Amino acid sequence: MKKRYPRTLSAGANNTVIAISETEAGKLFKEDTRSDIGSEAEKMKFANSINDLVVKFLRLEVFGEDAEMLVMERLFPYDFRAFEYEKRELFFDVFESELEQLHKAGFVHRDLRRPSDMPGLTFDNIFLTNTGIRLIDVGISALKTQVGPKLFDRFVEQERKELEGFRSFFLSR
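These figures come from a predicted structure and were not determined experimentally.

**Overview of the sheet that holds strand 2 (residues 16-19)**
Item 1. Sheet architecture is open: five strands sit in the order 1-2-3-5-4, paired in antiparallel fashion. With partners counted over all chains shown, the strands left at the sheet margins are strand 1 (8-11) and strand 4 (57-63), one partner each. Ignoring which end each strand starts from, the neighbouring axes of this sheet average 25 degrees apart.
Item 2. Two elements, strand 2 and strand 3 (residues 24-30), share four bridges in a ladder whose sense is antiparallel. Bridging across to strand 3, A19 finds its partner in A25.

The structure is reproduced here in structure tokens:
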């Protein structure tokens with residue numbers, strides 16, 4: 001059984017996210033995952049330099065005796081069904097535009113829609129916050145400079161399909 005950390009916000013297949021404060025959350029990396037944490041931090045910083053769609057990277061830290069931690073802003077998601085259809089259309093239009101900005105700059109999230117065999121909600125990496133729609137968990141995201149144009153274009157095409165699925169989900173509820 002996985003270790004349960006105090007102040008756990010969520011736990012995925014590889015990492016646990018904990019609340020550090022009212023403004024910060026930390027994604028824990030156990031064992032020798034320095035390359036993973038560094039890669040995720042770099043992709044987050046890259047996306048943050050383009051626009052505000054991806055959760056903000058703050059710093060890297062050591063957590064206790066056995067883990068490293070990627071510290072990011074803490075987001076408080078809203079239930080999108082509390083907003084009128086017209087407002088959700090506007091939220092989605094801004095989201096789509098910001099996602100396209102990231103694609104043009106060479107960043108693709110790659111995890112808008114969870115695979116059906118993974119636990120969690122279908123679109124649980126997409127949050128509606130008081131500042132609009134935001135993306136979390138850039139662990140499998142890709143930069144065009146790292147994967148090359150052909151693979152990057154394939155990832156973007158898949159993400160556009162996932163985006164259409166999210167649009168239907170977000171607007172039809």
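Let's pick the thread back up.
**Digging into the environment of M44**
Item 1. Following the sequence through the fold, M44 ends up in helix 1 (residues 34-50).
Item 2. On a C-alpha basis, the gap between M44 and Y85 in space is 30 Å, while along the polypeptide they are 41 residues apart.
Item 3. Residue contacts for M44: discarding those within four places in its chain leaves V54, V55, F57, L70, M72 and V138.

**Some points on the packing of aromatic side chains**
Item 1. Counting across every chain of the model gives eleven aromatic pairs.
Item 2. Note on F80 and F170: the rings are 5.0 Å apart at their centroids and 40 degrees apart in plane angle, and the pair reads as tilted. One end of the pair, F80, is in the loop between strand 5 (67-73) and helix 2 (85-105); the other, F170, is in helix 4 (residues 149-172), with 90 residues separating them in the sequence. F170 shares its class with F80; the two are buried.
Item 3. Ring geometry for F92 and F166: centres 6.2 Å apart, planes at 35 degrees, overall tilted. Here F166 lies in helix 4 and F92 lies in helix 2, a separation of 74 residues in the sequence. Taken as a pair, F92 and F166 share a single burial class, namely buried.

**Topic: the nonpolar core**
The tendency in soluble globular proteins is for nonpolar side chains to be buried as a group.
Item 1. Core analysis: the largest hydrophobic core is formed by 34 residues, its most contacted members being V54 and F95.
Item 2. Of all the elements in the fold, those that place two or more residues in this core are strand 3, helix 1, strand 5, helix 2, strand 7 (126-129), strand 8 (132-135) and helix 4.
Item 3. Leave out the neighbours within four places in its chain, and V54 touches M44, A47, N48, E73, L102, F107, R134, L135 and V138.

**Points about helix 4**
Item 1. With 24 residues, helix 4 extends 34 Å between its outermost C-alpha atoms, agreeing within 8% with the 34 Å of an ideal straight helix rising 1.5 Å per residue.
Item 2. Listed in full, the buried residues belonging to helix 4 are F152, F155, V156, E159, E162, L163, F166, F170 and L171.

**A short note on unusual backbone geometry**
Item 1. Here the phi dihedral of R7 falls at roughly 65 degrees; this positive angle occurs in a residue that is not glycine.
Item 2. Mapped onto the secondary structure, R7 falls in the segment before strand 1.
Item 3. The phi torsion at D137 lies on the positive side, around 55 degrees, for a residue other than glycine.
Item 4. In this structure, D137 sits in the loop between strand 8 and strand 9 (142-143).
Item 5. For D137, a relative accessible area of 24% gives the class partly exposed.

Each value, and the rule that gives it
Residues numbered from 1 in each chain as written. Predicted model: local features only at pLDDT ≥ 70, side-chain atom pairs only at ≥ 80, totals over all residues. Heavy atoms only, no water. Pairing = 2+ DSSP bridges. Helix = DSSP H or I, 4+ residues; strand = E, 2+ residues; numbered from the N terminus. Axes fitted to C-alpha atoms, helices over the stretch in contact; angles between N-to-C directions. Contact = heavy atoms within 4.5 Å. Phe/Tyr/Trp six-rings, centres within 6.5 Å; stacked < 30°, edge-to-face > 60°. Buried < 20%, exposed > 50% of the residue type's maximum accessible area, 1.4 Å probe, protein only. Core = buried A, V, L, I, M, F, W, Y, C linked by side-chain atoms within 4.5 Å. Expected span 1.5 Å × (residues − 1).

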